[in-house]
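Structure at a glance
What follows is the residue order along each chain.
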Amino acid sequence: MTSAAHRLNADLHCHSTVSDGVLRPEEIVRRAAANGVQLLALTDHDELDGIAVAAREADRLGLAFVPGVEVSVSWGGETIHVLGLSVDCASAPLRDGLARTRGGRDERAREMARQLEAVGVPDPWNGALRHVGNPELISRTHFARHIVASGLCTDIGEVFERYLSEGKPGFVEHRWARLDEAVGWIVGAGGVAVMAHPARYRLDETALWAMLAEFRDAGGEGIEVVCGSHTADQYGRFADCARRFGFRASRGSDFHGPDEGSVDLGGLPPLPDALVPVWRDWPQAAVTS
Ligand code: AMP
Ligand code: MN
Ligand code: MN
Ligand code: MN
């Protein structure tokens, strides 16, 4: 039977202008509330700066809110994203770890700009900066928006295919946090570490399971099952995976902006039955009905 926790419209993954989203933190909260979201986490990449404003707006609107972050990790030559949900934003090890993780982005972006200029992208550095809301957080998405605006590609997906994925002219290899340290920062801040969009990684099943085992051994407790990057088939695949590893299941749109991606805030189907929602025992998720 579907529980009240399963029916809760939880959206635990989205981005604001503090990383690579197009809406400000307070606008994210208003849109989520208008869309019927009942439990929201803002999870900017490697940044907590939007949380205070978002929490205040959520409080004003009576929307249950948990502080979150999406940490960039390097594992086995692949970039992995780990969500930290319900973290204490004042935790010094978490804050310091995120600051170090952000640290290399400026230099990486300058190299990306040089490479993109060499293949004919007009003024990539200033063009990307026009889309950046936080100078500490320049991401590939900001270059992608500039390349679409310049008319070289019709959408962001095409930009990643032609310019920004591994082996393409604007891709710059980068070393992010280690998996065990990222999980350690999250758990040390009282949060729950959740593996983001597991279907996205270019890992075969053996490598994926090895990565998930390492994640669990480091203290990881959850996995995204229903998320903006997964197909309906993948919901089933990762529901099985959650049961196999004993992970709690999460649900998140990974919303970046109204004109990007296919899923709006709160727009996903519920979690499959028989999974334990990551929010099941959270006080913010207490349902009155
Ligand atoms: P970065 O942290 O600078 O490497 O940028 C990663 C971000 O790029 C992700 O969080 C997504 O928002 C975006 N991204 C990555 N791959 C794609 C893709 N194929 N299509 C659209 N956006 C993507
Ligand atoms: Mn992003
Ligand atoms: Mn991600
Ligand atoms: Mn994300």
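Look above for the structure.
Cut-offs and rules
- Residues numbered from 1 in each chain as written.
- Chains lettered and ligands numbered in written order.
- Predicted model: local features only at pLDDT ≥ 70, side-chain atom pairs only at ≥ 80, totals over all residues.
- Heavy atoms only, no water.
- Donors = N, O, S within 2.8 Å, 3.2 Å for Na, K, Ca; no water.
- Helix = DSSP H or I, 4+ residues; strand = E, 2+ residues; numbered from the N terminus.
- Buried < 20%, exposed > 50% of the residue type's maximum accessible area, 1.4 Å probe, protein only.
- Near = heavy atom within 4 Å.
- Areas by Shrake-Rupley, 256 points an atom, 1.4 Å probe, with all protein chains shown as cover.
- Nonpolar A, V, L, I, M, F, W, Y, C, P; charged D, E, K, R; others polar.
- Domains from an automatic or database assignment.
- Axes fitted to C-alpha atoms, helices over the stretch in contact; angles between N-to-C directions.
- Parallel < 35°, antiparallel > 145°, perpendicular 65-115°, else oblique.
- Contact = heavy atoms within 4.5 Å.
- Phe/Tyr/Trp six-rings, centres within 6.5 Å; stacked < 30°, edge-to-face > 60°.

1. Some remarks on the coordination of the manganese ion (ligand 2)
The protein atoms that coordinate the manganese ion (ligand 2) are Asp20 (OD), His45 (NE2) and His256 (NE2), at distances spanning 2.1 to 2.2 Å. The distance between the manganese ion (ligand 2) and the manganese ion (ligand 3) comes to 5.5 Å. Taken together, the positions of Asp20 in the loop between β1 (10–11) and α2 (25–34) and His256 in the segment after β7 (248–252) put the pair 236 residues apart, joining distant regions of the chain. Judged by its relative accessible area of 15%, His256 is buried.

2. Section: the coordination of the manganese ion (ligand 4)
Protein coordination at the manganese ion (ligand 4): the donors are His13 (NE2), His15 (NE2), Glu70 (OE) and Asp254 (OD), at 2.1 to 2.2 Å from the metal. Here the donor residues for the manganese ion (ligand 4) map to a single chain with the spacing H-x1-H-x54-E-x183-D. Separating the manganese ion (ligand 4) from the manganese ion (ligand 2) is a gap of 4.5 Å. Residue classification places His13 among the buried residues on the basis of a relative accessible area of 0%.

3. Digging into the environment of Arg244
Note on placement: Arg244 falls in helix α11 (residues 232–245). In this structure, the C-alpha to C-alpha distance between Arg244 and Glu107, residues 137 residues apart in sequence, is 41 Å.

4. Notes on the site of ligand 1
Ligand 1 sits among Asp20, His45, His81, Arg105, Arg108, Ser139, Arg140, Thr141, Ile156, Phe160 and His256. When the free accessible area of ligand 1 is taken as 500 Å², the share hidden by the protein chains comes to 77%. Here the residues of the shell around ligand 1 are counted per class, giving two nonpolar, five polar and four charged. Each of domain 1 (4–24 + 40–102 + 178–288) and domain 2 (105–164) accounts for three or more of the residues forming the shell around ligand 1.

5. Things to note about the packing of helix α7 (residues 140–149) against helix α8 (residues 156–164)
It is the contact of α7 with α8, at a shortest axis distance of 9 Å, that shows an interaxial angle of 105°. In terms of orientation, α7 lies roughly perpendicular with respect to α8. Of the residues in α8, those touching α7 at Arg140, Thr141, Phe143, Ala144, Arg145, Ile147 and Val148 are Ile156, Val159, Phe160, Tyr163 and Leu164.

6. Thoughts on the environment of Val121
Relative to the helices and strands, Val121 resides in the loop between α5 (105–118) and α6 (124–129). Relative accessible area serves as the criterion here: at 2%, Val121 is assigned to the buried category. Along the primary structure Val121 and Ile147 are separated by 26 residues, whereas in three dimensions their C-alpha atoms are 7.0 Å apart. If sequence neighbours within four positions are ignored, Val121 has contacts with Leu116, His146, Ile147, Leu152 and Tyr163.

7. Considering the packing of aromatic side chains
Applying the stated criterion across every chain yields a total of three aromatic pairs. Relative to Phe247, the ring of Phe245 lies with its centre 5.5 Å away and its plane at 5°, an arrangement referred to as stacked. Summarising the burial analysis for this pair, Phe245 and Phe247 share the class buried. In this structure an aromatic cluster arises from ring pairing among Trp209, Phe215, Phe245 and Phe247.

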